[in-house]
Amino acid sequence: MVAQEVGEPGDVLTVRRVPVPEPGPGQVLVRVDAAPVHAGDLHVIRGRYGYAPPFPAVPGLECAGTVAALGPGAGAGEDGEDGLRLGQRVTTVGVTGTWQEFVVADAAQVLPVPDSLSVSTAAQLIVSPLTAWLLVTGFDLGPGDWLVQTAANSTVGQLVLDLSRQLGFRTVNVVRRRAAVDRIRALGGTEVVCTEDEDLPERLAQLTAAHPMSKAIDCVAGRVGADVLRALAPGGELVVYGALSTHRQTDPAMLGIPVPADAIIFGGRSVRGFFLSRWFATTPPQVARRELGEVIALVEKSAMTVPEGQAIPVERALEAVHLAEAPGHGGKPLLVL
């Protein structure tokens, strides 16, 4: 799948046939089985993400597949235990351009996938689980602590709820549809606020009056993010890792978060951003692999459960693109190649 130029995905995406690439020294050729369609992928195509590839460009932030070829120096050692081997199930880490049948990656950017994991889970093993893990561990949350999160019904939101059960912290979960409330409660959400029919500032004020809260993560931005920030206790911190409220917006005034000055000046509250690509770029490789190992171990033992995706053939890629941003779309769209 190729985005011919910057624009709306439905207008600029086409299917192309290109030569199968050859892996160079220290590289691996991965035969892609499935690649998720993230909202971030669509923002890359729109030219509104944290990086912009040269166009035409193949989108895609992660995938799962098997090792199809090994460049010099990329294979296993003589004992067969070190390195990668042909036919091995793998996922890519920090590799873009995954919406295609074959992807070349440096061997250091390819991780083995446990055989117990489904293709759907393996294809979503990095972006959402690692984001949830880093957001939660960045706050050092433990028993009795509270965390406010928006977009609680998203994949990251559900994984945060998994971690809340593991670590014992409590959650206030903001969702936009009444239909999602029972699901979030069933997943272990302590409190749920639905913006479809509840006043968010009023409900947050009620909840924080009983339990002062100083930690929040936000994937919506806009007015919702500002309301959450104002509800935090003095000295509280809001980490913004997404901006769902800006989807399909073109007005620059709508592409932000109206941070209330009094909440910052008088309450000492703060806002910071989290961008997984930047984390990879600024984190020592050994630290990144350790954190990834923690996440994969949690997923393998079902302590973190990645919601099953929807397999969609590449010939119906535009359907997958639409589903990625449709309310209540179900599991993550997965391009099956």
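Since this is a predicted model, take the numbers as computed values, not measurements.

Peer 1: Any chance you could explain the state of the cysteines here in plain terms?
Peer 2: Linking two cysteines covalently via their sulfur atoms produces the bond known as a disulfide. The tally for this structure, following the rule as stated, stands at zero disulfides. Free cysteine C194: the closest other cysteine sulfur is in C219, separated by 17 Å. For C194, a relative accessible area of 0% translates into the label buried.

Peer 1: How do you make sense of the confidence of the model for the chain when you look at a structure like this?
Peer 2: Averaged over every residue, the pLDDT of the chain is 92; residues scoring 70 or more account for 95%. Confidence drops under pLDDT 50 across residues 77-81; counting only partners more than four residues distant or on other chains, this segment forms one contact.

Peer 1: Teacher, can you tell me more about the side chain of T208 here?
Peer 2: Summarising the element assignment, T208 is placed in helix α7 (residues 200-210). In this structure T208 comes out as buried when scored by relative accessible area, which is 16%. From its side chain, T208 meets the backbone oxygen of A205 in a polar contact 3.4 Å long. When residues no more than four places from it in sequence are discounted, the contact partners of T208 are M213 and A231.

Peer 1: Any chance you could explain the pairing of strand β3 (residues 27-36) here in plain terms?
Peer 2: In the case of a regular strand, side chains alternate between the two sheet surfaces. In terms of burial, β3 is a largely internal element, seven of the 10 residues being buried. Here β3 pairs with strand β6 (residues 102-106) via five bridges, running antiparallel. If you follow Q27 over to β6, its bridge partner there is D106. Of the pairings in the sheet, the one linking β3 to strand β4 (residues 64-70) comprises six bridges and is antiparallel in character. Note on β4: the bridge partner recorded for L29 is A69.

Peer 1: Looking at this structure, how should I read the nonpolar core?
Peer 2: One broad trend across soluble globular proteins is that nonpolar side chains are buried collectively. If you look at the biggest cluster of nonpolar residues, it comprises 45 residues, and the most contacted ones within it are L130, V160, L163, I217 and F274. For this core, the secondary structure elements donating two or more residues are α3 (119-123), α4 (127-139), α5 (155-167), α10 (276-282) and α11 (285-300). Per-element tally for this core: the top contributor is α4, with eight residues.

Peer 1: Got a minute to help me understand helix α2 (residues 39-46) in this structure?
Peer 2: Given 3.6 residues per helical turn, the α-helix brings residues three or four places apart onto the same face. Of all eight residues in α2, eight are buried, a share of seventy percent or more. Burial in α2 covers these residues: A39, G40, D41, L42, H43, V44, I45 and R46. Just beyond α2, the residue with positive phi is G47, at close to 75°.

Peer 1: Got a minute to help me understand the sheet that holds strand β11 (residues 215-218) in this structure?
Peer 2: Where strands meet in a sheet, backbone hydrogen bonds hold them as pairs that are either parallel or antiparallel. One open sheet accounts for six strands, arranged β10-β9-β8-β11-β12-β13; its pairing is parallel. The two strands at the open ends of the sheet, each matched to only one other strand, are β10 (191-194) and β13 (270-273). Direction aside, neighbouring strands of the sheet carry axes that sit 20° apart on average. Judged from the four bridges that link them, strand β9 (residues 170-175) and β10 form a sheet pairing that is parallel. The residue bridging N173 from the neighbouring strand is V192, located in β10. The sheet contacts of α4 involve β8 (146-149), β11 and β12 (237-240), and relative to β11 the element is tilted by about 160°. Contacts between α7 and the sheet are confined to β8, β9 and β10, with β10 contributing the most and set at about 165° to the helix.

Peer 1: Looking at this structure, how should I read the packing of aromatic side chains?
Peer 2: We describe a pair of aromatic rings using the distance from one ring centre to the other and the angle between the two ring planes. For the structure on display, the rule yields three aromatic pairs. Ring plane angle 80° and centroid distance 5.3 Å describe the contact between Y49 and F275, whose orientation is recorded as edge-to-face. Here Y49, found in the loop between α2 and β4, pairs with F275, found in the loop between β13 and α10; they are 226 residues apart in sequence, far enough to count as distant. On the basis of relative accessible area, F275 is assigned to the partly exposed category, the value being 28%. Between W279 and F280, the ring centres sit 5.2 Å apart and the planes meet at 70°, which makes this aromatic pair edge-to-face. According to the relative accessible area criterion, F280 is partly exposed, its value standing at 22%. The structure contains a cluster of three or more aromatic residues connected by ring pairs, namely Y49, Y51 and F275. One cation-aromatic arrangement involves R31 over F102; the distance from NZ or CZ to the ring centre is 5.5 Å.

Peer 1: Looking at this structure, how should I read the pattern of salt bridges?
Peer 2: Where charged atoms from two side chains of opposite charge approach closely, those side chains can pair. Inspection of the entire model under this criterion finds 13 salt bridges. In this structure, the salt-bridge partner of E101 is R31, at a minimum N-O distance of 4.0 Å. Residue E101 is found in the loop between β5 (89-92) and β6, and its partner R31 is found in strand β3; the two are separated by 70 residues along the sequence. Of the charged contacts in the structure, one is a salt bridge between E325 and R46, with a shortest N-O distance of 2.8 Å. Residue E325 is found in helix α12 (residues 317-325), and its partner R46 is found in helix α2; the two are separated by 279 residues along the sequence.

Cut-offs applied
Residues numbered from 1 in each chain as written. Predicted model: local features only at pLDDT ≥ 70, side-chain atom pairs only at ≥ 80, totals over all residues. Heavy atoms only, no water. Disulfide = S-S within 2.5 Å. Buried < 20%, exposed > 50% of the residue type's maximum accessible area, 1.4 Å probe, protein only. pLDDT = per-residue confidence, 0-100. Contact = heavy atoms within 4.5 Å. Helix = DSSP H or I, 4+ residues; strand = E, 2+ residues; numbered from the N terminus. Polar contact = N/O pair within 3.5 Å; in protein donor to acceptor, adjacent residues only side chain to side chain. Pairing = 2+ DSSP bridges. Core = buried A, V, L, I, M, F, W, Y, C linked by side-chain atoms within 4.5 Å. Axes fitted to C-alpha atoms, helices over the stretch in contact; angles between N-to-C directions. Phe/Tyr/Trp six-rings, centres within 6.5 Å; stacked < 30°, edge-to-face > 60°. Lys NZ or Arg CZ within 6 Å of the ring centre and 35° of its normal. Salt bridge = Lys/Arg side-chain N within 4 Å of Asp/Glu carboxyl O.

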